[in-house]
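# Observations on the three-dimensional arrangement
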Amino acid sequence: MTVTRRTLLGTIAAAFAAGPGLPAFAEGDWPSRLVRLVSPYGAGGANDISLRILAEQIGRSLGQQFIVESKPGAGTRIANELVARAAPDGYTFLYAAAPYATAEALFGQLKYDPRKDLRPVAMAVMAPIFLIVNAKAPFKNLQELIAHGKAQPDGLTFASPGAGSQPHLAAELLLSDAGVKGLNVQYRGDAMAYTELLAGRVDATLTAISTALPHIQSGDFRVLGVASAERSAIYPAAPTLREQGYPNVVASGWFGFMAPSATPQPIVERMQQEINRALADPEVKQKLLAQGLEARAGTAAEFGRFIDDETRKWSEVIRTAGLKGE
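What this report covers is the structure whose coordinates are included nearby. (Residues numbered from 1 in each chain as written. Predicted model: local features only at pLDDT ≥ 70, side-chain atom pairs only at ≥ 80, totals over all residues. Heavy atoms only, no water.)

### Details of the layout of surface pockets
Reported here for the largest pocket is a volume of approximately 1400 Å³. In terms of lining residues, the largest pocket is bounded by 49 residues, among which Tyr41, Pro161, Gly162, Ser165 and Gly189 are the most central. Elements with a minimum of two residues in the lining of the largest pocket: helix H2 (46–62), helix H4 (103–107), strand E4 (118–128), helix H6 (166–178), helix H8 (209–217) and strand E10 (252–260). Considered class by class, the residues forming the lining of the largest pocket number 24 nonpolar, 21 polar and four charged. Estimated volume of the second largest pocket: approximately 280 Å³. Residue lining of the second largest pocket: 16 residues in total, with Met126, Ser228, Ala229, Ser252 and Arg296 positioned closest to the centre. Put simply, the parts of the chain that give the lining of the second largest pocket at least two residues each are E4, E10 and helix H11 (300–321). For the lining of the second largest pocket, a count of residues per class yields seven nonpolar, three polar and six charged. (1 Å grid on protein atoms, 1.4 Å probe; cavity = no way out; pocket = protein on both sides within 12 Å on 5 of 7 lines; lining within 4 Å. Points joined across faces, edges and corners; volume = space filled by probe spheres on them. Helix = DSSP H or I, 4+ residues; strand = E, 2+ residues; numbered from the N terminus. Nonpolar A, V, L, I, M, F, W, Y, C, P; charged D, E, K, R; others polar.)

Here's what the structure looks like:
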């Protein structure tokens, strides 16, 4: 390729415009090497699996390797901080999860600023949360479950897969909205919560349908509803909690891409385009549905507004319930 004087001068100007510390060719050549996608959870869960599905599709489209790097722990804060401190060159992205919006309310001041140190790139998926009870329980719908709780001295008991998790917060919101006393019992993951529900030691749990499906199909669990704003294509037979008289109880898990705040805008825009292209692929959509996830394409601005809304909403729930992170 012949390099003209105009091309050379344009390259030099771009280098100065990029500012100190940013590679001169960062935008035009991106991606010219391996890209890290940091997951805040360990291998095998919905976050990890969905990220690998998207990484493969995006990598194929861009002709570069996108690898998943798991950094679990501290309620996703380890991964969040790692990416917040990473070089803003477009080679490290965070696959953020719902606790990103609640970490500050739960744990106080963080080692990173979730509003300043990271920037939204694009939403990726939503994980609907379903209200599940033991099939042998006497309540057949949400109204009967709430009536049961009001008739008990201590109210309802919910099994939650971790303090501050989206299922935990959704249960707190439902108890508050229904005006019923209750207790959220924390377990390490869904498996232990299911054990307690099967044994009849708790009244209900809120969970992803994919992990509960074997128990639903066996007839051990009954689905009373979904906490989404609308019925989910994953399990459309489940009415929303809004339909059943609790319009404020809307909650879902979610995953989306973020980058260090100084990442160049052209790289963010290109990554956003590739994420949305991957999410529009029918095969990718089907793979995500099989994991109990709904593809949610959109812009960086839309994702940013969503995170702000989630932060305000759940911070209020956390304050009202007097919750503190462990």
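### Concerning helix H5 (residues 142–151)
Every buried residue of H5 is accounted for by Leu142, Leu145, Ile146 and Gly149. The buried side chains of H5 occupy one side of the element, clustering within an arc of 95 degrees when seen end-on. On its buried face, H5 is in contact with strand E5 (130–134), strand E6 (156–160), H6, strand E8 (204–207) and strand E9 (221–226). A side-chain oxygen of the first residue of H5 lies 3.2 Å from the backbone nitrogen of glutamine 143; this N-cap is asparagine 141. (Buried < 20%, exposed > 50% of the residue type's maximum accessible area, 1.4 Å probe, protein only. Arc of directions from axis to C-beta. Contact = heavy atoms within 4.5 Å. Polar contact = N/O pair within 3.5 Å; in protein donor to acceptor, adjacent residues only side chain to side chain.)

### Digging into the sheet that holds strand E3 (residues 92–97)
Pairing within the open sheet is mixed, and its six strands lie in the order E2-E1-E3-E10-E4-E11. Each edge of the sheet is formed by a strand with only one pairing partner; in this case those strands are strand E2 (66–70) and strand E11 (294–295). Note that strand E1 (residues 35–39) and E3 share three bridges and pair parallel. In the sheet register, valine 38 faces E3, and the bridge partner there is leucine 94. Sheet strands in contact with helix H9 (residues 265–280) are E1, E2, E3, E4, E10 and E11, and its direction is about 15 degrees off that of E4. (Pairing = 2+ DSSP bridges. Axes fitted to C-alpha atoms, helices over the stretch in contact; angles between N-to-C directions.)

### Examining the side chain of glutamine 166
Tracing the backbone shows glutamine 166 in helix H6. By relative accessible area, glutamine 166 is classed as buried at 7%. Dropping the residues within four chain positions of it, glutamine 166 is found in contact with Ala98, Ile129, Ala251, Ser252, Gly253, Glu310 and Trp314.

### Section: the packing of H2 against helix H10 (residues 282–290)
Relative orientation of the contacting elements H2 and H10 amounts to 170 degrees, with a least axis distance of 10 Å. Taken together, the axes of H2 and H10 are roughly antiparallel relative to one another. Here Ser50, Ile53, Leu54 and Gln57 of H2 come into contact with H10, specifically with Val284, Lys287 and Leu288. (Parallel < 35°, antiparallel > 145°, perpendicular 65-115°, else oblique.)

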